[in-house]
Amino acid sequence: MMWAWQDADQQVDLADLGGVGFASQEEAEAWLSEAYPDVAEAGVTAVNLCQDGRLVYGPMSLSD
């Protein structure tokens, strides 16, 4: 199973920031916590978490 983040607005390819290819949900969530500043700077305001192309949850706002 492969986990990946997607920009909910489909404006930014999170693969370019390293947001794809995680072996577990925990790894994907840890990446987002660490990469949040770069993701927000890229203009992403909400994300979806997908497993093998299937939506698991989202959109999740990145706003305060």
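Report follows, based on the coordinates. (Residues numbered from 1 in each chain as written. Predicted model: local features only at pLDDT ≥ 70, side-chain atom pairs only at ≥ 80, totals over all residues. Heavy atoms only, no water.)

**With respect to the overall build of the chain**
- Of the regular secondary structure elements, the chain holds 1 helix and 4 strands.
- Secondary structure elements of the chain occur, N-terminal to C-terminal, as β-β-α-β-β.
- By the compact-globule yardstick of 11 Å for 64 residues, the chain fits well, its C-alpha radius of gyration being 10 Å.
- Across its three principal axes, the chain shows a C-alpha extent of roughly 30 × 20 × 20 Å. (Helix = DSSP H or I, 4+ residues; strand = E, 2+ residues; numbered from the N terminus. Rg over C-alpha atoms; globule rule 2.2 N^0.38 Å.)

**Concerning the nonpolar core**
- Membership of the largest hydrophobic core comes to 13 residues, with the highest contact counts inside it found for Trp5, Trp31, Leu32, Val39 and Val47.
- Among the secondary structure elements, those contributing two or more residues to this core are β1 (3-7), α1 (25-41) and β3 (46-51).
- Residues contacting Leu32, with those up to four places away along its chain left out, are Trp5, Val39, Val47, Met60 and Leu62. (Core = buried A, V, L, I, M, F, W, Y, C linked by side-chain atoms within 4.5 Å. Buried < 20%, exposed > 50% of the residue type's maximum accessible area, 1.4 Å probe, protein only. Contact = heavy atoms within 4.5 Å.)

**Some details on the sheet that holds strand β4 (residues 54-61)**
- Overall, antiparallel pairing links the 4 strands, which are arranged β2-β1-β3-β4 in an open sheet. Edge positions in the open sheet fall to β2 (20-22) and β4, since each of these has one partner strand only. Sheet twist, expressed as the average angle between the axes of neighbouring strands with direction ignored, equals 25°.
- One ladder, built from 2 bridges, connects β1 with β2; its direction is antiparallel. Bridge pairing links Trp3 to Phe22 in β2. (Pairing = 2+ DSSP bridges. Axes fitted to C-alpha atoms, helices over the stretch in contact; angles between N-to-C directions.)

**Side note on the pairing of β1**
- Counting buried positions over the 5 residues of β1 gives 4, a clear majority of the element.
- Sheet analysis places β1 next to β3, joined by 5 bridges and oriented antiparallel. Looking at the pairing, Trp5 lines up with Leu49 of β3.

**Concerning the environment of Asp7**
- One can find Asp7 in strand β1.
- Here Asp7 falls in the buried class, since its relative accessible area comes to 4%.
- Taking C-alpha positions, Asp7 is 9.8 Å from Gly19, a pair spaced 12 residues apart along the chain.
- In this structure Asp7 touches Val12, Leu14, Val44 and Ala46, once residues within four positions along its chain are discounted.
- Separated by 2.9 Å, the side chain of Asp7 and the backbone nitrogen of Asp9 make a polar contact. (Polar contact = N/O pair within 3.5 Å; in protein donor to acceptor, adjacent residues only side chain to side chain.)

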